[in-house]
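# Examining the three-dimensional arrangement
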Amino acid sequence: MKGNEKGFTYPLVLCLLIVFLAFFSMNVELMLAQRKQAHETLIMMQEELYFLSSVKKVEKSFQSDGKAPAKGTFHFQNGRVDFLADALTGDIQKIQFTLRLNSGEMIIGKGFFDTKQKKLIKWVD
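Residues numbered from 1 in each chain as written. Predicted model: local features only at pLDDT ≥ 70, side-chain atom pairs only at ≥ 80, totals over all residues. Heavy atoms only, no water.

## Here's the deal with the pattern of salt bridges
Taken as a whole, this structure holds three salt bridges when the rule is applied. The residue Arg80 makes a salt bridge to Asp82 at a minimum N-O spacing of 3.3 Å. In this structure, the salt-bridge partner of Asp82 is Arg100, at a minimum N-O distance of 2.7 Å. You can see Asp82 sitting in strand 2 (residues 79-87) and its partner Arg100 sitting in strand 3 (residues 92-101), a full 18 residues away along the chain. (Salt bridge = Lys/Arg side-chain N within 4 Å of Asp/Glu carboxyl O. Helix = DSSP H or I, 4+ residues; strand = E, 2+ residues; numbered from the N terminus.)

As structure tokens, then:
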């Protein structure tokens, strides 16, 4: 019994437990950060896809009708894009796109269309 009173095993186990918990908590934090980044990347890609699809649909309308509709809405799986057209000068038309995702986020983008070339010439987020 006298050999056990020095207490070598308990501090060793305690130190190993603390080291294990430190590494475990670091890995959990890393996993949560990666999940958050993946979710934010997914949202950003959805936004870009919805804006691109909306611009392509308005460009198609430009090319078929010669002018864009004054306003409208495009519905997508996880949100919708509303657009409103304004004439800036004779050859350039500004269209404001408002994306509203089902998660509650709202992003505004502006497209400048050349009516002679019938395509997008500038995009501003």
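Picking up where we left off.
## Comments concerning the packing of aromatic side chains
For any pair of aromatic rings, geometry is given as the distance between the ring centres together with the angle between the planes. This structure, assessed with the given rule, holds seven aromatic pairs. Measuring from centroid to centroid gives 4.5 Å for Tyr50 and Phe76, while their planes differ by 10 degrees, and the two rings are stacked. Of this pair, Tyr50 sits in helix 1 (residues 9-65) while Phe76 sits in strand 1 (residues 71-76), and the two are 26 residues apart along the sequence. Taken individually, Tyr50 and Phe76 each receive the classification buried, so the pair is uniform in this respect. Relative to Trp123, the ring of Phe97 lies with its centre 5.7 Å away and its plane at 45 degrees, an arrangement referred to as tilted. Pair noted here: Phe97 is in strand 3 and Trp123 is in strand 5 (residues 119-124), with a separation of 26 residues, a long-range link. (Phe/Tyr/Trp six-rings, centres within 6.5 Å; stacked < 30°, edge-to-face > 60°. Buried < 20%, exposed > 50% of the residue type's maximum accessible area, 1.4 Å probe, protein only.)

## A few points about the environment of Ala70
Assignment of secondary structure puts Ala70 in the loop between helix 1 and strand 1. In the structure, Ala70 is positioned 40 residues away from Leu30 in sequence and 48 Å away in space, judged by C-alpha atoms. What Ala70 contacts, discounting residues up to four positions off in sequence, is Phe83, Leu84 and Ala85. (Contact = heavy atoms within 4.5 Å.)

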